[in-house]
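# Survey of secondary and tertiary structure
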Amino acid sequence: MSELPDFLKRGEPARLFPVLADTNREQRIASIFLALLPQIPSMAAAILDTVGIRVGKRTKISTFTEVTFREDKNGNDRPDGLLVVSTGKSSWSALIEAKIGKADLAVEQVEKYLELAKANQVDAVITISNQFVARADHSPVTVPKVLLRKTSLFHWSWTWIAT
C-alpha cells in the first residue's frame, strides 16, 4: 500500500476494480485509469511525458482516490484523484479531475482545484474529459494567469488516452 503524502488528510489507493457506487461513474473511471499508471510503466511514461515528467526504472508512481486535504478552506473540495511521482530525491504531484460523457469542465471547479493545489503545494492540476485540445499544456477552460504562477494546469482527453 502506498504511503499518503503529508498534505493529505485521507485518501484511498486507486483501484482497478473500484469499490464505489455505480452512481459515482467519474470517480470509478478515474480510479481505473489511475490504477493502471503504476502497473503499466510504458503507458505511464508516454502519458506523463506530455506534462514534462520522466519515468525511469527507479520512479515510483502512487495514485489515490477519495482524497481530502489538510489545507482546504472550503472543507469539501474533492478532486477525483491524486497522482504522485517520486524519483527518490524529488516528488511531483497532481490533482486529477475527470469528466465523462458530454460533461464539460467548469471554470469555477478548475479554479477551486488550482487554489487547493497551491495551498497544499501540489505541483499541478490535470483535467481529463472528452474535450479535445492540441497539447497537454492547453486547457479547454480559461483561468486567470495568477492561478498558474505556482501550479501548472494540464488537460488530457479520453480519446487521446485511449489511443
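Quick summary incoming for the structure in this document.

Here is what the cut-offs are and how they apply
- The numbers attached to residues start from 1 for each chain and follow its sequence in the written order.
- Residue-level local features of this predicted model are given only where pLDDT is at least 70; pairs of side-chain atoms are given and counted only at 80 or more, and the full residue set underlies all totals for whole chains, interfaces and linings.
- To get the side-chain values, take all heavy atoms of the structure and skip hydrogens and water.
- Put simply, DSSP marks the helices as runs of H or I at least four residues long and the strands as runs of E at least two long, and each gets a number from the N terminus on.
- The globule rule is 2.2 Å times the number of residues to the power 0.38, and the radius of gyration it is compared with is taken over C-alpha atoms.
- Any residue under 20% of the maximum accessible area for its type is buried, any over 50% is exposed, and the rest in between are partly exposed; the area is computed with a 1.4 Å probe on protein chains only.
- Here, residues are in contact when the closest pair of their heavy atoms is within 4.5 Å.
- Surface accessibility follows the Shrake-Rupley procedure with a 1.4 Å probe radius. Residue values consider only the protein chains on display as shielding.
- Here Asp and Glu are counted as negative and Lys and Arg as positive; His is not counted, and neither are the chain ends.
- Where a charge lies is defined by one atom per residue type, namely NZ (Lys), CZ (Arg), CG (Asp) and CD (Glu).
- Contacts described as polar in this section are N or O atom pairs within 3.5 Å, which, within protein, must combine one atom able to donate a hydrogen with one able to accept it, while residues neighboring in sequence count only if both atoms come from side chains.
- Among buried residues, those of type Ala, Val, Leu, Ile, Met, Phe, Trp, Tyr and Cys that are joined through side-chain atoms within 4.5 Å constitute a nonpolar core.
- Axes here mean lines fitted to C-alpha atoms, for a helix over just the part in contact, with angles spanning 0 to 180 degrees between N-to-C directions.
- Here roughly perpendicular refers to angles of 65 to 115 degrees, roughly parallel to angles under 35, roughly antiparallel to angles over 145, and oblique to all remaining angles.
- Following the grouping adopted for this structure description, the nonpolar residues are Ala, Val, Leu, Ile, Met, Phe, Trp, Tyr, Cys and Pro, the charged ones are Asp, Glu, Lys and Arg, and the polar ones are all others, Gly among them.
- Take the number of residues in a helix, subtract one, and multiply by 1.5 Å to get its expected span.
- One side-chain nitrogen of Lys or Arg within 4 Å of one carboxyl oxygen of Asp or Glu is enough to make a salt bridge.

Turning our attention to the overall build of the protein chain. Helix and strand counts for the protein chain come out as four helices and six strands. Here the protein chain has a C-alpha radius of gyration of 15 Å; the compact-globule value for 163 residues is 15 Å, and the two agree. Residues counted as buried form 46% of the 163 residues belonging to the protein chain. Taking the intrachain contacts of the protein chain between residues at least 6 apart in sequence as the baseline, contacts between residues at least 24 apart amount to 64%. Accessible surface, the protein chain as shown: approximately 9,200 Å² in total, 50% of it carbon and sulfur. Placing the 21 positive and 18 negative side-chain charges of the protein chain at their respective mean positions leaves the two points 5 Å apart.

Residue placement: Ser157 occurs in strand S6 (residues 152-157). The buried category is assigned to Ser157, whose relative accessible area is 4%. There is a polar contact of 3.1 Å between the side chain of Ser157 and the backbone nitrogen of Trp160. Setting aside residues no more than four positions away along its own chain, Ser157 makes contact with Ser129, Gln131 and Phe132.

Judged by nonpolar contacts, the single largest core of 27 residues is most densely connected at Phe33, Leu48, Leu83, Trp92, Ile126, Ile128 and Trp156. Elements represented by at least two residues in this core include exactly helix H1 (25-39), helix H2 (41-49), strand S3 (81-86), strand S4 (91-98), strand S5 (124-129), S6 and helix H4 (158-162). Setting aside residues up to four positions removed in sequence, Trp156 forms contacts with Phe33, Ile47, Leu48, Thr50, Val51, Ile126, Thr127, Ile128, Ser129, Ala136 and Ile161. Membership of the second largest hydrophobic core comes to 20 residues, among which are Phe7, Val67, Leu82 and Leu153.

Now for the packing of H1 against H2. For the pair H1 and H2, interaxial distance at closest approach is 6 Å and the crossing angle is 110 degrees. The angle between H1 and H2 falls in the class roughly perpendicular. In this structure, H1 uses Phe33, Leu36, Leu37 and Gln39 to contact H2, whose residues at the interface are Pro41, Met43, Ala44 and Ile47. When the residues that make up the contact of H1 with H2 are grouped by side-chain class, the tally is seven nonpolar, one polar and no charged.

The subject of this paragraph is H1. Along an α-helix, a turn takes 3.6 residues, which lines up residues three or four apart on a common side. An ideal rise of 1.5 Å per residue puts 21 Å on 15 residues; H1 measures up with 22 Å between its terminal C-alpha atoms. Among the residues of H1, those classed as buried are Ala30, Ser31, Phe33, Leu34, Ala35 and Leu37.

The next point concerns the pattern of salt bridges. A pair can form between side chains of opposite charge whenever their charged atoms are brought close. A full pass over the atoms with the stated rule returns six salt bridges. Two residues, Arg10 and Glu12, come together in a salt bridge whose shortest N-O distance is 4.0 Å. Residue Arg10 is classed as partly exposed on the basis of its relative accessible area, which comes to 34%. On the basis of relative accessible area, Glu12 is assigned to the partly exposed category, the value being 27%.

Attention now moves to unusual backbone geometry. Located in the positive-phi region is Glu66, a residue other than glycine, with phi close to 50 degrees. Despite not being glycine, Gln121 shows a phi value in the positive range, around 55 degrees. Within the secondary structure layout, Gln121 lies in the loop between helix H3 (107-119) and S5. You can call Gln121 exposed: its relative accessible area is 69%.

Nothing here speaks to function; it is all geometry.
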